[in-house]
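Letter by letter, the chains look like this.
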Amino acid sequence: EKVYVFTYLGSQISENGSSYGEISSRIAKARSAFNSLGKFWRRKDVRLQTKTRIFNATVRPVLLYGCESWVTRNEDRSKIDVFERHCLRYIANTRRNDITNEELLLKCGISQSASSIATFYRWRYAGHVLRMPDHRLPFKTLTCNEPKHWKRSRAAPKTSVKRQLQKEAAQF
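Since the structure is predicted, the reported quantities are computational estimates derived from the model, not experimental observations.

Asks: Would you explain the pairing of strand β2 (residues 11-14) in this entry?
Replies: The side chains of a regular strand alternate between the sheet's two faces. As paired strands, strand β1 (residues 5-8) and β2 are joined by four bridges and run antiparallel to one another. Within the sheet, the bridge partner assigned to T7 lies in β2 and is Q12. The turn joining β1 and β2, which pair antiparallel and follow one another in sequence, is formed by two residues; a positive phi near 50° is taken by L9.

Put into structure tokens, the structure is as follows:
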């Protein structure tokens, strides 16, 4: 039996290696974690700083689980940040037109968006892999060079983690 998508250790693995399904799944799980604390978010006797700390301890880890291996597109990063801002606006009890996104993050005391944290985690993992011995498989996969005659198959993802790291490094 051929399986196109399956879940392994809480992460969704797709046939073509795309991260789109995994990111959508993570957002759904984080939304569930956020909604399970609905009564807490509506409490008026709890300070915004406390609510933000609870958000960072409960919802963000669910959202960013396994993000080290994600190959993100601009649409994916936007989707992650939109979900995070939606949650923060609900926590801060503000509407979308009341304050800007930057003011919202400042009001909640959040210095980095979820997508930038995911990028940081990806670079931290890459540094961990590059310090591994040469014979380890993660090191080999991250540092191998593709043969010049090699072509990506139609079902393969357009970008790998290695290519994404190279593209991000070129932006610095």
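Asks: Quick question: what am I supposed to make of the nonpolar core here?
Replies: In a soluble, globular protein the nonpolar side chains are often hidden away together inside. The biggest cluster of nonpolar side chains holds 27 residues, and the ones touching the most others in it are F55, L63 and L88. Of all elements in the fold, only α1 (20-36), α2 (38-42), α3 (48-64), α4 (74-92), α5 (101-108) and α6 (114-130) reach the threshold of two or more residues within this core. A total of six residues in this core trace back to one element, the largest contributor, which is α4. Those residues in contact with L63 that sit more than four places away from it in its chain are R26, I27, A30, W70, I80, F83 and A114. Listed in part, the six residues of the second largest apolar core include A126, F139, L142 and L165.

Asks: Sorry, what's going on with the packing of α1 against α4 here?
Replies: Helix packing geometry: the angle between the two helix axes and the distance between the axes. Where α1 contacts α4, the two axes come as close as 10 Å, and the packing angle between them is 5°. Taken as axis vectors, α1 and α4 run roughly parallel relative to one another. Note on element contacts: α4 touches α1 through D76, K79, I80, F83, C87, Y90 and I91, opposite Y20, I23, S24, I27, A30, R31 and F34. Residues of the contact of α1 with α4, tallied by class, amount to ten nonpolar, one polar and three charged.

About the criteria used
- Residues numbered from 1 in each chain as written.
- Predicted model: local features only at pLDDT ≥ 70, side-chain atom pairs only at ≥ 80, totals over all residues.
- Heavy atoms only, no water.
- Pairing = 2+ DSSP bridges.
- Helix = DSSP H or I, 4+ residues; strand = E, 2+ residues; numbered from the N terminus.
- Core = buried A, V, L, I, M, F, W, Y, C linked by side-chain atoms within 4.5 Å.
- Buried < 20%, exposed > 50% of the residue type's maximum accessible area, 1.4 Å probe, protein only.
- Contact = heavy atoms within 4.5 Å.
- Axes fitted to C-alpha atoms, helices over the stretch in contact; angles between N-to-C directions.
- Parallel < 35°, antiparallel > 145°, perpendicular 65-115°, else oblique.
- Nonpolar A, V, L, I, M, F, W, Y, C, P; charged D, E, K, R; others polar.

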